[in-house]
Amino acid sequence: MGESRSQEKKPTKLGLIIGAVVLVVAIILGTSYYFWSNSHKDENAANDAAKEFTTALKKQNFKKVSQLVSPQSLKAVDYTKESLMDKYTTIFDGIGASNIEIKELKVEPVTKNKEYKMSYTMNVTTSLGELKPEKHEAKLTKAGDDYLVDWDAHLIFSKMEATDKISVTTTTATRGEILDKNGEPLANLKKIPEAGIVPNDLGEGEAKTEAIKTISENLNVPVETIEKKLGASWVKPELLVPIKVMKAGDTPVIPGVQYTLREMRNYPLNEAAAHLIGYVGEVSAEDIEKNKSLNAGDIIGKSGLEAAKDKELRGKNGGRIVINDKDQNLKAVLQEVDKVEGKTITLTIDSKIQKQAYDQIQGQKGSAVMMNPTDGSLMALVSSPSYDANLMTSGISSAEYDQYANDKNLPFLARYASNYAPGSTFKTITAGIGLDAGITTPDKTHDISGLKWQKDSSWGDYFVTRVSDVPTVNMTQALVYSDNIYFAQEGLAMGKETFEKGLNKFIFGETLDLPIAMDPAQVANKKGLNSDILLADTAYGQGQLLMSPIQQAVSYTPFADNGQIRYPKLLSDQKTAESKQAITDKSATIVKDALIETVNSPQGTAHTLAIPGHQIAAKTGTAELKEKQDTKGDENAFLLAFDADNNNYLLVAMLEGGTSRDVISRMRPVLEGMY
């Protein structure tokens, strides 16, 4: 067998040429990729630097801003990172900068030396409003693998140089007044005496200690408070340091104390209208967090109408933001805004009625609502106990505030807007619905035996009780005597569907258009009157009914105004919702006549309200709050009263823990005052 030998194949000339070409292409591609990759790496790094810088600006993180600028650019304007951070902080805090937006951010190459430039538009809102947007440009310089911003003052404002300063002047808007219907002030500005101390007048050592102690005792201000005020960073020996706002005319002679007049918010009715009008105070950090347009030192409404109508009352401050050069010469005006004075608000409230009603309830837990039942105007909204609104505004001490806050009688509670079971005054509504439904008639009588009653044995231990043992009762007598059993039986006779349909024509579940926080009136906790006991109890004003005194007053307007619900208004220029027919005019008149009899009849529960020469319609009510049957619970007493001749007022008054006799005796002088 022959041997086979392999022979080496030598590369051809063409193969060598192809190989060389491939190698050259590979080298070219590799080199191109290297340069391309490095180029994009630089571009990405420049973009990252621009985004970081503008994001830090937007967040007002000026420490981060100072870390993203090149050292050589700072050196050129004689800045350090710390002084740059301080510069930004001083300017942006001074102008009240907020809502910073960065738009149209671009990064572009500018030379072959790996330099880029960035440009963007910045929007800033100041304490005076929105500034005109400005376009900014800056060079990005390579620093190792990263890029830094070449900074100059144009990046703050385009017309600014490094040695320039920003000056802000503010023209404060005057807060609008709150007036009653007759133009009498309920909230205004007044010059109030303020006690102050000039530190130099106190002497030194023991003499100073004794002087502060004497001032503390006379002004009723803790020594610690005085020392803290005297120790403030701005205090100088020759400057007057404010210590306490005094009451008008209260300026006792105290060694070391001087008095100045300070213009402050003043409340002429004070406690008599504190819940309604509220008070003002200096903004807190929480207030500024909620509303970025506010600045430290601003005075805003803290409660009541002062808070609800704060924007209109406060108006809008004006001012000027300018750039001054190093010699304080005006260089450019960045922003100039004219102030807008606060709006004066006129209410439908009558100060005289408000004050008289408060004086009658003062010392008790209760409320009074007076309204015009033909146009919905609220004439008085009173709650007691109350608080000193002038003290709250002038600077209440922690001890004084704690005394209010910890008072079990809840002096901050606006009782006219708080929900209660309405009690027997609600029987008027049950009567109106029953008359419209044809279930109740003026002459229809119920034979009732004894002081308690139940539908049948299925009610177990539960009974409806009444006060007067009258064997035969018609609708008028039931209102005159305030018979719970009669109305419980009428409610059951109407049935759930008819009664609820009638209730739906009133204001249950509705939100009234008032600048007052108030939960809607409710018929029941759950949907519907889902048991006979609940239906019966609701018919005479208890069960799970909850209505504020304001809502009660509105709900009783049909009996004074031809069956129509008149929606309430508090602002004189307010347009109310159109009235709606809750019951027929005929039914309203029948109930009204019965309420007149409740006053005129010697047996009527409101007979002591009778005023000779005047026709008054009224109904008393007592809602008992108790844990279970056959136990005594706390009682809230109510009074509904209105002018039966002219229909020019309707009153709902309430006393917690009182009796019908109590509420009538307190409100009678108020009604006499209406004539």
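Nothing here was measured: the structure is a model prediction, and the numbers come from that model.

### Quick look at the overall build of the protein
Then step 1. When helices and strands are counted, the protein shows 20 helices and 26 strands.
Then step 2. C-alpha atoms of the protein, sized along the principal axes, occupy 135 × 110 × 45 Å.
Then step 3. Across the 675 residues that make up the protein, the buried fraction comes to 47%.
Then step 4. Summing over all exposed atoms, the protein offers an accessible surface of approximately 34,200 Å²; the carbon and sulfur share of this is 49%.
Then step 5. Put simply, the protein has 77 plus and 89 minus side-chain charges, and the middle of one group is 7 Å from the middle of the other.

### Examining the pattern of salt bridges
Then step 1. This structure, assessed with the given rule, holds 26 salt bridges.
Then step 2. Note that Glu101 is salt-bridged to Lys103, the shortest N-O span being 3.5 Å.
Then step 3. Here Glu306 makes a salt bridge to Arg265, at a shortest N to O gap of 2.7 Å. Of this pair, Glu306 sits in helix α9 (residues 304–308) while Arg265 is found in strand β10 (residues 257–266), placing the two residues 41 residues apart along the sequence.
Then step 4. Members of the salt-bridge network, linked through shared partners, are Arg175, Arg265, Glu306, Asp310 and Arg314.

### Description of the nonpolar core
Then step 1. Judged by nonpolar contacts, the single largest core of 118 residues is most densely connected at Ile277, Leu347, Leu381 and Leu570.
Then step 2. The element best represented in this core is helix α16 (residues 484–503), accounting for eight residues.
Then step 3. Residue contacts for Leu381: discarding those within four places in its chain leaves Leu276, Ile349, Gln354, Ala368, Val369, Tyr416, Ile516, Ile550 and Leu570.
Then step 4. Among the nonpolar cores identified, the runner-up in size contains 43 residues, and Phe53, Tyr116, Leu128 and Ala332 belong to it.

### Regarding the sheet that holds strand β14 (residues 330–337)
Then step 1. A sheet is described by the order of its strands in space; here three strands give the open sequence β6-β13-β14, paired in antiparallel fashion. Both outer strands of the open sheet, β6 (165–171) and β14, are each paired with one neighbouring strand and no more. Strand-to-strand twist of the sheet, defined as the mean angle between neighbouring strand axes without regard to direction, takes the value 20°.
Then step 2. Note: strand β13 (residues 318–324) against β14, six bridges, orientation antiparallel. Of the residues in β14, the one forming a bridge with Ile321 is Gln335.

### Description of the side chain of Asp164
Then step 1. Here Asp164 lies in the loop between β5 (146–149) and β6.
Then step 2. Relative accessible area serves as the criterion here: at 2%, Asp164 is assigned to the buried category.
Then step 3. In this structure the side chain of Asp164 is engaged in a polar contact, spanning 2.6 Å, whose partner is the side chain of Lys331.
Then step 4. Excluding residues within four positions of it along the chain, Asp164 makes contact with Lys87, Lys159, Ile323, Asn324, Asp325, Lys326 and Lys331.

### What to know about the environment of Lys501
Then step 1. Note that Lys501 resides in helix α16.
Then step 2. Residue Lys501 is classed as exposed on the basis of its relative accessible area of 58%.
Then step 3. For the pair Lys501 and Ile433, spaced 68 residues apart in sequence, the C-alpha to C-alpha distance is 8.8 Å.

### Digging into the packing of α16 against helix α17 (residues 532–539)
Then step 1. Running from amino to carboxyl end, α16 crosses α17 at an angle of 115°, the nearest separation of the two axes being 8 Å. Between α16 and α17, the crossing angle belongs to the class labelled roughly perpendicular. Between α16 and α17 lies a crossing whose hand is right-handed. Contact with α16, carried on its side by Phe487, Ala488, Gly491, Leu492, Gly495, Lys496 and Phe499, involves Asp532, Leu535, Ala536, Thr538 and Ala539 of α17 and no other residues of that element.
Then step 2. Looking at the contact of α16 with α17 residue by residue, the class counts come to seven nonpolar, three polar and two charged.

### Observations regarding the pairing of strand β26 (residues 650–656)
Then step 1. Among the seven residues that make up β26, seven are buried, leaving the element largely enclosed by the rest of the structure.
Then step 2. Residue alternation in β26 divides its side chains into two sets, Leu650, Val652, Met654 and Glu656 and Leu651, Ala653 and Leu655, and both sets are buried.
Then step 3. With six bridges joining them, strand β16 (residues 366–371) and β26 adopt antiparallel strand pairing. Note that in β26 the partner of Met371 across the bridge is Leu650.

### What to know about the pairing of β5
Then step 1. Sheet topology places strand β4 (residues 134–143) next to β5; four bridges connect them, and they run antiparallel. Bridge pairing links Lys142 to Tyr147 in β5.
Then step 2. In this antiparallel pair of consecutive strands, β4 and β5, the connection spans two residues, and Gly144 shows a positive phi of 70°.

### Let's talk about helix α5 (residues 205–219)
Then step 1. With 15 residues, α5 should reach 21 Å at 1.5 Å per residue; the first-to-last C-alpha distance of 21 Å fits that figure.
Then step 2. If you check which residues of α5 are buried, you get Ala211, Ile212, Ile215, Ser216 and Leu219. One side of α5 holds all its buried residues, which, seen down the axis, span an arc of 135°. Along α5, exposed side chains directed more than 90 degrees from the buried face belong to Glu206, Thr209 and Glu217.
Then step 3. Next to the buried residues of α5 lie β8 (185–197), α6 (223–230), β9 (241–245) and β10.
Then step 4. After α5 finishes, the residue Asn220 shows a positive phi value of roughly 60°.

### Side note on helix α11 (residues 351–361)
Then step 1. Taken together, the buried positions of α11 are Ser351, Ile353, Gln354, Ala357, Tyr358 and Ile361. Take α11 and look down its axis: the buried residues cluster within an arc of 165°, on one side only.
Then step 2. Taken from the residues just after α11, Gly363 is the one with a positive phi, measuring 95°.

### A closer look at the environment of Lys527
Then step 1. With respect to the helices, strands and loops of the structure, Lys527 is situated in the loop between α16 and α17.
Then step 2. Separated by 87 residues in sequence, Lys527 and His614 have C-alpha atoms that sit 43 Å apart.

### Some points on the packing of aromatic side chains
Remark: the centre distance and the inter-plane angle together describe each pair of aromatic rings, the angle taken between the planes.
Then step 1. Summed over all chains, the structure comprises 17 aromatic pairs.
Then step 2. Here the aromatic rings of Phe426 and Phe508 are separated by 6.3 Å at their centres, their planes lie at 70°, and the arrangement is edge-to-face. With Phe426 in the loop between α13 (398–405) and α14 (427–437) and Phe508 in the loop between α16 and α17, this pair connects stretches of sequence that are 82 residues apart.
Then step 3. On the basis of relative accessibility, which here comes to 0%, the residue Phe426 falls in the buried class.
Then step 4. Within the aromatic cluster, the residues linked to one another by ring pairs are Phe62, Tyr79, Tyr88, Phe92 and Trp151.
Then step 5. One cation-aromatic arrangement involves Lys452 over Phe463; the distance from NZ or CZ to the ring centre is 4.5 Å.

### Comments concerning the packing of α11 against helix α20 (residues 660–674)
Then step 1. At a closest axis distance of 8 Å, the pairing of α11 and α20 adopts a crossing angle of 160°. Judged by the angle between their axes, α11 and α20 are roughly antiparallel. Crossing angle aside, the handedness with which α11 passes α20 is right-handed. Across from Ile353, Gln356, Ala357, Gln360 and Ile361 in α11, the residues of α20 making contact are Ser665, Arg666, Met667, Pro669, Val670, Gly673 and Met674.
Then step 2. Broken down by class, the residue content of the contact of α11 with α20 amounts to seven nonpolar, four polar and one charged.

What counts, and at which threshold
Residues numbered from 1 in each chain as written. Predicted model: local features only at pLDDT ≥ 70, side-chain atom pairs only at ≥ 80, totals over all residues. Heavy atoms only, no water. Helix = DSSP H or I, 4+ residues; strand = E, 2+ residues; numbered from the N terminus. Buried < 20%, exposed > 50% of the residue type's maximum accessible area, 1.4 Å probe, protein only. Areas by Shrake-Rupley, 256 points an atom, 1.4 Å probe, with all protein chains shown as cover. Lys, Arg positive; Asp, Glu negative; His and termini not counted. Charge placed at Lys NZ, Arg CZ, Asp CG, Glu CD. Salt bridge = Lys/Arg side-chain N within 4 Å of Asp/Glu carboxyl O. Core = buried A, V, L, I, M, F, W, Y, C linked by side-chain atoms within 4.5 Å. Contact = heavy atoms within 4.5 Å. Pairing = 2+ DSSP bridges. Axes fitted to C-alpha atoms, helices over the stretch in contact; angles between N-to-C directions. Polar contact = N/O pair within 3.5 Å; in protein donor to acceptor, adjacent residues only side chain to side chain. Parallel < 35°, antiparallel > 145°, perpendicular 65-115°, else oblique. Left-handed = near helix turned anticlockwise from the far one by under 90°. Nonpolar A, V, L, I, M, F, W, Y, C, P; charged D, E, K, R; others polar. Expected span 1.5 Å × (residues − 1). Arc of directions from axis to C-beta. Phe/Tyr/Trp six-rings, centres within 6.5 Å; stacked < 30°, edge-to-face > 60°. Lys NZ or Arg CZ within 6 Å of the ring centre and 35° of its normal.

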